[in-house]
Amino acid sequence: MSELLLQVRNLHVHYPVDGGVSRAVDGVSLDVRRGETLAVVGESGSGKSQTMYGVLGLVPRPPGRVFGDGAYFEGEDLLRASERRLRGIRGNRIAMIFQDPMTALNPFLTVERQLTEVLEVHKGLRRKEARNLAIEMLAKVGIPDPERRIDQYPHQFSGGMRQRVMIAMALLCRPSLLVADEPTTALDVTIQAQILELLRATRREMDGSIILITHDLGVVAGNADRIAVMYAGRVVEKGPSREIFESPLHPYTRGLLASVPRLDAEQKAPLVPIPGQPPDPSRLPSGCPFRPRCPAATARCAQEYPPTRSAGPEREVACWVA
Amino acid sequence: MIRFVLRRILGIFPILLVVFTFSFVLMRVAPGGPFDAEKPVPPEVKRNLELRYRMREPWCEARFLPALQGVRSPDEERALRRASPWASRAERVCTGLFQYGWMLGNYVRGDFGPSYKYKDRSVNEFIRAGMPVTLQLGLLAVTFALGIGLVAGLVAAVYQNRWPDHLAMIAALLGISVPNFVLGPVLILVFSLGLLWFPPARWESLSHVFLPGLTLGSAYAAYVARLTRGGMLEVVRQDFIRTARAKGLPERLVILRHALRGGLLPVVSYLGPAMAALFTGSIVVERIFNVPGMGRYFVDAAINRDITLAMAVVVVNAVFLLVANLVVDVVLGILDPRVRYE
Ligand SMILES: Nc1ncnc2c1ncn2[C@@H]1O[C@H](COP(=O)(O)OP(=O)(O)OP(=O)(O)O)[C@@H](O)[C@H]1O
Ligand SMILES: [Mg+2]
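Procedures and definitions
- Sequence order sets the numbering: in each chain, residues are counted from 1 along the sequence as written.
- Here every chain gets a letter starting at A, and every ligand a number starting at 1, in the order they are written.
- Reporting in this predicted model follows two pLDDT cut-offs: at least 70 for local features of residues, and 80 or more for side-chain atom pairs to be given and counted; totals over whole chains, interfaces and linings ignore these cut-offs and use all residues.
- Each side-chain value is derived from all of the structure's non-hydrogen atoms; neither hydrogens nor water enter the calculation.
- Only heavy atoms enter the contact rule, under which two residues are in contact if any of them lie within 4.5 Å.
- By convention, the term buried area covers the 1.4 Å-probe accessible surface removed from two parts as they join, with the contributions of both added.
- Think of a salt bridge as a Lys or Arg side-chain nitrogen and an Asp or Glu carboxyl oxygen that are within 4 Å of each other.
- Polar contacts here mean pairs of N or O atoms no more than 3.5 Å apart (in protein, one a potential hydrogen donor and the other a potential acceptor; neighbouring residues in sequence count only if both atoms are side-chain atoms).
- Under the scheme used here, helices are H or I runs from DSSP no shorter than 4 residues and strands are E runs no shorter than 2 residues, and both carry numbers assigned from the N terminus.
- In this classification, Asp, Glu, Lys and Arg are treated as charged, Ala, Val, Leu, Ile, Met, Phe, Trp, Tyr, Cys and Pro as nonpolar, and every other residue, Gly included, as polar.
- In short, DSSP must find at least two bridges between two strands for them to pair.
- Axis geometry follows a simple rule: fit a line to the C-alpha atoms, using only the stretch in contact for helices, then measure angles between N-to-C directions, giving values from 0 to 180 degrees.
- Think of it this way: one heavy atom of a residue within 4 Å of a molecule or strand is enough to make that residue near it.
- Note on areas: Shrake-Rupley with a 1.4 Å probe; residue coverage comes only from the protein chains shown.
- For classification purposes, an angle smaller than 35 degrees is called roughly parallel, one larger than 145 roughly antiparallel, one from 65 to 115 roughly perpendicular, and anything else oblique.
- Handedness of a crossing follows from how the near helix is turned relative to the far one, being left-handed for an anticlockwise turn of less than a right angle and right-handed for a clockwise one.
- Accessibility here uses a 1.4 Å probe with only protein chains present; expressed as a share of the type maximum, an area under 20% marks a residue as buried, one over 50% as exposed, and anything in between as partly exposed.
- Domain boundaries shown here were taken from an automatic or database domain assignment.
- Take the number of residues in a helix, subtract one, and multiply by 1.5 Å to get its expected span.

Q: Give me the lowdown on the interface of chain A and chain B, citing residues and values where you can.
A: Counting residues at the interface gives 25 residues for chain A and 22 residues for chain B. Where chain A abuts chain B, roughly 2200 Å² becomes buried across the two surfaces, and 62% of that area is made up of carbon and sulfur atoms. It is Phe 108, Glu 117 and His 155 of chain A that lose the most area in chain A upon contact with chain B, and together they represent 28% of the buried surface on that side. At the junction of chain A and chain B, the tally comes to two salt bridges. On the surface where chain A and chain B come into contact, there are 12 residue pairs in polar contact (both at pLDDT 80 or more). Listing elements by their share of the side of chain A that touches chain B, those giving two or more residues are α3 (101-104), α4 (111-123) and α7 (159-171) of chain A. Ranked by residue count, the leading element in the side of chain A that touches chain B is α4 of chain A, at seven residues. Looking at the side of chain A that touches chain B residue by residue, the class counts come to 14 nonpolar, six polar and five charged.

Shown next, in the form of structure tokens:
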């Protein structure tokens, strides 16, 4: 049993657009170890979600195009797996929860229908057995009175409860990898903390790995073992969570850290947002895509994309000046 | 839910009263009467007819324009009315009110009164003869519209921008743009006269219903196909469809279980008015296939100034429209749990 649960190598997700191609994901490599939480961090549009869609075969094809050197999950390359094989893995070995539990649950179907179908499809259970397991799971994620509430529709749940339903749905088959795509972005702060606590408890219990996708470094602190920072479809910095927070190398990471209120440490400097906008992935600037916004950019940054280099035992960074 | 339906059924009656009143007023105000016949009848006969159909009310005449009671010829009456226009108008309104009350009373008892044109037949007889024909035809047309339209729309959505989609949408465009008076004869040519599969006209057996039903339903099928396609494509973009795929559901379940309900909402909303229109008959299709349905009564009644028949057709159509809309609202509520009945 390898220590690495998921190994993504040089993943690309491209979409054709007018007069060119949008490089939503442009050569991403990631490792997820068993039992750890990897946070994928970056501004909106940096390709965090698309990376996971690419791995899981959720990119609409056509128009999208997915290619790369591989995405090995438990030793199997998902980029080359058949659609049928991927369906057997999705929702079963790798489960995903989404940002907005308001729209991610089907408003036309009862919670029961949406939970039991997962077990029917992946475990071949009959509806009755599946229902009992689903009720158990709802209780486990903290939904009171699950026998009654399971027959309700999503609109009868509050936002936080809905996200709990989503989490219950994802955990039904005891996946070894849970992908949480901005699981708290749409929720109130107090509910956010509850959901994050639930995710932590979940990981302890299911003994699996979590990929926590977020644009909010405040959510990452205390919740992730390692961090991968994405910008314009690439990973610009990778490393253990603590090290990234304490000594960020990439100017973009530094900018991100300066722009979020820290929950774990006293605020040293005033909050400064990164100036400018992330580039359109169909019109990337030459050289380093962060260069136009970078305070430390040099002439070289405009010419060549910086290669990813090792910066310590577990750290990588892609920057000419760092 | 039951209370909602009951309340809505009760709500139908005031609307019907408005429809009834409105069409009554229109009929009264429109110039010309049913007995302004081409060949004049003797004044006494005309007066007796008008009394029978409550076009004249002796009490009103006595009250406002007593001289009318002695009048014998239309010319005399016209001269008299011109001489005292206000009294004449008052007499008309008074008579109208009496007639209104009389007809309303009849309607409440389910009696649409005598036909003005065909004096030996009641309006109820016409409706009893025409309505089953129109209902059968309409039902078949709805079946075609749904059967063909849903399948075509679903296939088009699933194969968006590929040839099944293009094929279905071209067919839909044809279905909408080819008028029934072209489609009907073409179908007769091909299926009756060419292939000898169906009889070309008349109304005797189920096979007689087929071609007119197809003709009548084709445009509706085309609309249903387009609405289904649009609705499905709209739903398929939603987050919860991505969730369904992320759960590893087979595509069949993603489409039929997760997308179809939401995708059908626009079709269901459209079906209300569509069914009401189908069940009121189509003069074109009825003429082409020589079908004895309601559509031609409607036109005949309007041409003949047959007030009772025309009003009955209007009111019956209104009933269909209101009931169809009620059914649509109930079905929408069944499809979409977020809909609240109140
Ligand atoms: N169908 C598509 N066609 C063209 N470009 C697309 C398409 N889908 C996504 N993209 C591009 O992919 C880029 C990355 O999107 P992605 O959703 O992965 O960002 P993200 O990092 O998850 O951001 P967010 O925080 O907003 O979720 C977007 O900027 C968008 O331009
Ligand atoms: Mg995203």
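Q: Summarise the sheet that holds strand β3 (residues 37-41) of chain A; cite the residues concerned and give the values.
A: Residue and element names in this part refer to chain A. One open sheet accounts for eight strands, arranged β7-β8-β9-β3-β10-β11-β13-β12; its pairing is mixed. Of all strands in the sheet, those bounded by a partner on one side alone are β7 (94-97) and β12 (309-310). Note: β3 against strand β10 (residues 226-231), four bridges, orientation parallel. Within β10, the residue paired with Val 41 across the bridge is Val 229. Packed on one face of the sheet, helix α8 (residues 189-206) meets β3, β7, β8 (177-181) and β9 (209-214) and runs near 160° to β9.

Q: Account for the site of ligand 1, naming residues and giving values.
A: All names here are of chain A. In the vicinity of ligand 1 there are 13 residues, among which Ser 44, Gly 45, Lys 48, Ser 49 and Gln 50 approach most closely. At 2.6 Å, a side-chain N or O of Ser 49 approaches an oxygen atom of ligand 1. For ligand 1, whose free accessible area comes to 630 Å², the fraction covered by protein is 69%. Here the element with the most residues in the shell around ligand 1 is helix α1 (residues 48-56); it accounts for three residues.

Q: Explain the packing of helix α13 (residues 294-304) of chain B against helix α14 (residues 307-335) of chain B to me, and be specific about the residues and the numbers.
A: Residue and element names in this part refer to chain B. Interhelical geometry of α13 versus α14 gives an angle of 135° and a closest axis separation of 8 Å. In terms of their interaxial angle, α13 and α14 are classed as oblique. The handedness of the crossing between α13 and α14 is left-handed. When α13 is examined against α14, the residues Met 294, Tyr 297, Phe 298 and Ala 301 are found in contact with a partner set consisting of Leu 309, Ala 310, Val 313, Val 314 and Asn 317. Residue classes in the contact of α13 with α14 are distributed as eight nonpolar, one polar and no charged.

Q: An account of the pattern of salt bridges is needed here, citing residue identities and associated values.
A: Taken as a whole, this structure holds 36 salt bridges over all chains when the rule is applied. Across the pair Asp 329 of chain B and Arg 8 of chain B runs a salt bridge, and its minimum N-O distance is 2.6 Å. Of this pair, Asp 329 of chain B sits in helix α14 while Arg 8 of chain B sits in helix α1 (residues 2-29), and the two are 321 residues apart along the sequence. Classification of Asp 329 of chain B as partly exposed rests on a relative accessible area of 27%. Using a relative accessible area of 28% as the deciding quantity, one classes Arg 8 of chain B as partly exposed. For Arg 229 of chain B, the salt bridge identified is with Asp 165 of chain B, shortest N-O distance 2.8 Å. On the criterion of sequence distance, the pair formed by Arg 229 of chain B in helix α9 (residues 206-236) and Asp 165 of chain B in helix α7 (residues 163-177) is long-range, its members being 64 residues apart. Asp 165 of chain B carries the same exposure label as Arg 229 of chain B, and that label is buried. Among the ionic contacts, a cluster of salt bridges with common partners joins Glu 112, Arg 127, Arg 131 and Asp 151 of chain A.

Q: Hey, could you go over the domain arrangement of chain B for me, with residue numbers and the actual values?
A: Residue and element names in this part refer to chain B. Looking at the assigned domains, one finds that chain B contains domain 1 (38-115) and domain 2 (123-335). Between the C-alpha centres of domain 1 and domain 2 there is a distance of 44 Å. In this assembly, eight residues from domain 1 lie in contact with 10 residues from domain 2. Around 790 Å² of area is buried between domain 1 and domain 2 when both sides are counted, 63% of it from carbon and sulfur atoms. Per-residue buried area on domain 1 facing domain 2 is highest for Tyr 107, Phe 112 and Ser 115; these three make up 62% of the total on that side. There are five residue pairs in polar contact (both at pLDDT 80 or more) connecting domain 1 and domain 2. Broken down by class, the residue content of the side of domain 1 that touches domain 2 amounts to four nonpolar, three polar and one charged.

Q: Describe α1 of chain B, naming the residues involved and giving the relevant values.
A: Residue and element names in this part refer to chain B. If you check α1, its first and last C-alpha atoms are 41 Å apart, about what 28 residues at 1.5 Å a residue would give, namely 40 Å. Within α1 the residues assigned to the buried category are Phe 4, Ile 12, Leu 16, Phe 20, Ser 23, Phe 24 and Met 27. Buried positions along α1 lie against α5 (85-108) and α14.

Q: Which residues make up the environment of Leu 86 of chain A, and what values do they have?
A: Residues and elements named next belong to chain A. Mapped onto the elements of the fold, Leu 86 is located in helix α2 (residues 83-89). Considering only alpha carbons, one finds Leu 86 and Gly 54, 32 residues apart in sequence, at a separation of 11 Å. Each residue touching Leu 86, except ones within four places of it in the same chain, is listed here: Val 55, Leu 56, Gly 57, Leu 78 and Ala 81.

Q: So what's going on with the pairing of β9 of chain A? Residues and values would help.
A: All names here are of chain A. Counting buried residues along β9, six of its six residues qualify, which places the element largely inside the surrounding structure. Where burial is concerned, the two faces of β9 agree: the one with Ser 209, Ile 211 and Ile 213 and the one with Ile 210, Leu 212 and Thr 214 are both buried. Sheet analysis places β3 next to β9, joined by five bridges and oriented parallel. The residue bridging Thr 37 from the neighbouring strand is Ile 210, located in β9. In terms of strand pairing, β8 meets β9 through five bridges, oriented parallel. Considered in β9, the bridge of Ala 180 is made with Leu 212.

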